[in-house]
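# Chains, contacts and geometry: an overview
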Amino acid sequence: MSTAPPDADELSRRVAAFLAEHDPAATDRLKFLRARFDAGLAWVHYPRGLGGCDAPRALQRDVDRLFAKAGAPTNRPERNGIGLGMAAPTLLAAGTDEQRARFLRPLWTGEDIWCQLFSEPGAGSDLAALGTRAVRDGDRWIVNGQKVWTSMAHEARWGLLVTRTDPDVPKHRGMTYFVLDMTAPGVEVRPLRQLTGEAEFNEVFLTDVEIPDAHRLGEVGDGWRVSTHTLMNERVSIGGAAVPRESGMIGVVAGLWRDRPELRTPGLHGELMRLWVEVEAARLAGERLRQSLAAGRPGPEGSGTKLAFAKLNQEVSGLELEMLGTDGLRYDDWTMRRPSEVDFTRRSPGYRYLRAKGNSIEGGTSEILRGIIAERVLGLPGEIRVDKDVPWKDLPK
Amino acid sequence: MTDLLYGEIESDLRGGVRDLLAGKAPWTGVLAGVEKDDPFDADLWHALAGRFGAAGLAVPEELGGAGASWREAAVVAEEIGRAVAPVPFLTSAVMATAALLAAGESDLVGDLAEGERIAVLAVPFGTPPGEPPARVRVAGGALTGEVPGVADGLAADVLLVPAADGLYAVDAADAGRAPVTSLDMTRRLADTAFDGAPARRVADGPGAVRAGLLTGAALLASEQLGIAEGCLDATVAHVKTRYQFGRPIGSYQALKHRLADLWTAITQARAVARHAAACAAAGDPDLEIAVAVAQAHCSAVAVKAAEECVQMHGGIGFTWEHSAHLYLKRAKSAAIALGTPDRHRAALAALVDLPPA
Ligand SMILES: Cc1cc2nc3c(=O)[nH]c(=O)nc-3n(C[C@H](O)[C@H](O)[C@H](O)COP(=O)(O)OP(=O)(O)OC[C@H]3O[C@@H](n4cnc5c(N)ncnc54)[C@H](O)[C@@H]3O)c2cc1C
């Protein structure tokens, strides 16, 4: 067997061979997904033995298309965005061989949902201010503290947890990163109701929770560096999905415009066309980013994708409500529920308008992203810092 | 999907053109030029045409061109925008050339490709691709009428004049041409008049003019991208070195965040302009939509970049002695050229089935 990474033809041969052996119609869903992972056809750019075959990332779309055409079950990625988008690349970058072997397979198949335990009441944009304490006790750690805004914690089997392990050094240095078993004693998940009515996110209270040292990701004190893997991928995964023209919210509004001539006014038309162009420009920028990643020439453009996406979602959903007039004032459901995924398209326009407000807060606020672009991409001077060289314990809180 | 990246040849071409422009057309020279009578920088134009085949990039070799495509030409357009260079690239090497290629003309087009002669489409510069006007009457092989606001009209040796039944070539010496004091003196307008001017028909019907305008609009987006990049670079460099209140002004969020937004808009403009150029190069069926999107988007981005450039430079940005106004004038003129953003959005609305109220 050759060791060169497979090309597109070789991959489609492998998919065909796999499908010949595993009839999607006659195979149990989970059995099928596990076998696909073991065949290296899950995320093809991952290493052999971890669900991939070192193929170029750009070929993933073709592989997914072939499986979809054969009617194969999916791993329901919409239910495990944090797992697939953030936990997996973090495990790949910072995990040990044992950790990768243990966590990646059930993560990819969707058996294990993941959540991200970063934000705290006192640490949001300033993640490195966090105070959840982890104290070493032999080959385990004892954790106490509180996390907040934890999306899907109520569904999650595992959590990405960043803790304070050394309060005596400046904040960026005293942090350590763990994988938390969400079923462990002392983990309490309480829903936090959102302005949309339901609760995607939660508060998570940690009281004397034990974490084996084997679940530490990266070195002790290296939690900040490991978190940056997670955060970089968060911004890419939120803004970077492949999209055909006029998909998402702009498609909804364009459809409304075509179907309901009585709603049309000249002003709304101007606004619609302005936003249509902006969404198309953002889409092409996303496509260009994908092409440069596929060509092995990643640029800094990804930082702008999430920024643009948040602004456009908010403007387009706002336009939709206005276009609808009185109909836009009907909301679908204020009931307090705990959903297992976020679905913009099947909810009412009012929900879209409200939920989009979170897009410029979650995953780094738009203000923070502008700061990152200004400093890291444009090389502008950083903020004046009062917190850099002060031990964490002495910082004003 | 079109290829939105730059290839190796394109990057090499860019490097060469940028060096040439830096040497022969520094902004101080461009500024001095706007007060001279010469309608364009002939020396620079010949160097661009001679050294890089820049005047005939999209013209096949057998017609005397470089046998590349509108993609490569778009890279040259970016650099010309970045340098606000006063050369008839857009007008002669893109618009007139595209019209002649569409018409199957094989004589004049070779002269244009070699940079030996300059031709421009005799249309008001604000004409959008969808509305090529015929302002001139034809009688017995001669033209009569007036066309105001023709870009690079004074630089031209030949005027390509749309009439009701096709496109006519008129020797510039046979036309009346009055210089216009233009908002953008790096690409000057001329009012043209024809009084029984002898003319040769080079194309039947409106197709050739339309091709010239559409290709021009596609590549103008790349020029606008270059303008915007030039403005962003200059502004970032300035805010890093200008101190007020004991800090570089680039450390203030009020400026940083606006520059981050501008950078984001420019990354989008780059993708949009590349798509339009690639569609023009391939004759892609998406060309009309791509051009409408590119003109609506890139026009606004270039103007925004130039306006921010003036503002963030403060008083110096408002002076004649600084380059910012060259960019502002070129950006605003380019936004109106070949159709305002609003006209392109209106054209787009028809193309994507979103009819007006
Ligand atoms: C829907 C949703 C889902 C979320 N899911 C998760 C999750 O799963 N896991 C998780 O860990 N977190 C999650 N978050 C939390 C999110 O990451 C934080 O809310 C975010 O980082 C902002 O922190 P904060 O809420 O403390 O606001 P703050 O940091 O207090 O910000 C308040 C305001 O101040 C501005 N600001 C702060 N610092 C600066 C600065 N230096 N310069 C300029 N402006 C500044 C901010 O932009 C914002 O406008 C979620 C949030 C939302 C809304």
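From a predicted model like this one, the values you see are computed outputs, not experimental measurements.

This paragraph deals with the overall build of chain B. For chain B, the helix and strand inventory stands at eleven helices and ten strands. Rg of the C-alpha trace for chain B: 20 Å, near the compact-globule value of 21 Å for 357 residues, within the 12% margin. Looking at the 357 residues of chain B, the share that counts as buried comes to 60%. Put simply, of all contacts in chain B between residues at least 6 apart along the chain, 77% involve residues at least 24 apart. Only carbon and sulfur atoms are counted for the fraction: they give 52% of the accessible area of chain B, which is about 13000 Å². Put simply, chain B has 29 plus and 43 minus side-chain charges, and the middle of one group is 9 Å from the middle of the other.

On to the interface of chain B and chain A, then. Facing the 43 residues of chain B at the interface are 44 residues of chain A. The largest contributions to the chain B side of the interface with chain A come from L5(B), W263(B) and L354(B), which together make up 19% of the buried area. Where chain B meets chain A, there are five salt bridges. Residue K256(B) is joined to E383(A) by a salt bridge in which the shortest nitrogen-to-oxygen separation is 2.9 Å. Summed over the shared surface of chain B and chain A, the number is 14 residue pairs in polar contact (both at pLDDT 80 or more). Of all the secondary structure elements, the ones that give two or more residues to the side of chain B that touches chain A are helix 7 (207-241), strand 10 (247-248), helix 8 (253-282), helix 9 (287-313) and helix 11 (341-351) of chain B. Looking at the side of chain B that touches chain A element by element, the count peaks at 15 residues for helix 8 of chain B. Counted by class, the side of chain B that touches chain A contains 23 nonpolar, ten polar and ten charged residues.

Contacts to the ligand come from 17 residues, most closely from Q116(A), S125(A), W149(A), T365(A) and E367(A). The residues that come close to the ligand belong to more than one chain, namely chains A and B. Here a nitrogen atom of the ligand and a backbone polar atom of W149(A) are 2.9 Å apart. The separation between a nitrogen atom of the ligand and a polar side-chain atom of Q253(B) is 2.9 Å. Of the residues contributing to the shell around the ligand, the split by class is six nonpolar, eight polar and three charged. Domain assignment of the residues forming the shell around the ligand places at least three in each of domain 2 (78-235 + 388-397) and domain 3 (249-362) of chain A.

Before going further, it helps to examine the pairing of strand 4 (residues 158-163) of chain B. All names here are of chain B. The buried fraction of strand 4 is high, at six of six residues. As paired strands, strand 4 and strand 5 (residues 166-171) are joined by six bridges and run antiparallel to one another. Each residue of the ladder has a partner; that of A163, found in strand 5, is G166.

Residue and element names in this part refer to chain B. Domain annotation for chain B reports domain 1 (8-117), domain 2 (136-204) and domain 3 (208-351). Of note, the centres of domain 2 and domain 3, computed from C-alpha atoms alone, are 29 Å apart. Facing seven residues of domain 2, the contacting portion of domain 3 comprises ten residues. Here domain 2 packs against domain 3, burying approximately 690 Å² in sum over the two surfaces, 63% of which is carbon and sulfur. Where domain 2 touches domain 3, the interface holds one salt bridge. The partner of R187 in a salt bridge is E223, with the nearest N and O atoms 2.9 Å apart.

Let's shift gears to the side chain of T127(B). Residues and elements named next belong to chain B. When you line up the elements, T127 lands in the loop between strand 1 (119-121) and strand 2 (136-139). Classification of T127 as buried rests on a relative accessible area of 7%. The residues contacting T127, other than those within four sequence positions of it, are P132, P133, L213, L338 and G339.

Our next topic: the pattern of salt bridges. Applying the stated criterion to the full structure yields 65 salt bridges over all chains. Residue D233(B) is joined to R82(B) by a salt bridge in which the shortest nitrogen-to-oxygen separation is 3.0 Å. Note that D233(B) is positioned in helix 7 and R82(B) in helix 4 (residues 70-82), a separation of 151 residues in sequence. Using a relative accessible area of 40% as the deciding quantity, one classes D233(B) as partly exposed. Of the residues examined, R82(B) reaches a relative accessible area of 18% and is grouped as buried. Among the ionic pairs, R330(B) bridges to E223(B), the shortest N-O distance being 2.9 Å. Of this pair, R330(B) sits in helix 10 (residues 324-336) while E223(B) sits in helix 7, and the two are 107 residues apart along the sequence. In this structure, R330(B) and E223(B) share a single accessibility class: buried. One network of salt bridges, with partners in common, ties together E271(A), R274(A), E278(A), K311(A) and E315(A).

Rules used throughout
- Residues numbered from 1 in each chain as written.
- Chains lettered and ligands numbered in written order.
- Predicted model: local features only at pLDDT ≥ 70, side-chain atom pairs only at ≥ 80, totals over all residues.
- Heavy atoms only, no water.
- Helix = DSSP H or I, 4+ residues; strand = E, 2+ residues; numbered from the N terminus.
- Rg over C-alpha atoms; globule rule 2.2 N^0.38 Å.
- Buried < 20%, exposed > 50% of the residue type's maximum accessible area, 1.4 Å probe, protein only.
- Contact = heavy atoms within 4.5 Å.
- Areas by Shrake-Rupley, 256 points an atom, 1.4 Å probe, with all protein chains shown as cover.
- Lys, Arg positive; Asp, Glu negative; His and termini not counted.
- Charge placed at Lys NZ, Arg CZ, Asp CG, Glu CD.
- Buried area = accessible area lost by both parts, 1.4 Å probe.
- Salt bridge = Lys/Arg side-chain N within 4 Å of Asp/Glu carboxyl O.
- Polar contact = N/O pair within 3.5 Å; in protein donor to acceptor, adjacent residues only side chain to side chain.
- Nonpolar A, V, L, I, M, F, W, Y, C, P; charged D, E, K, R; others polar.
- Near = heavy atom within 4 Å.
- Domains from an automatic or database assignment.
- Pairing = 2+ DSSP bridges.

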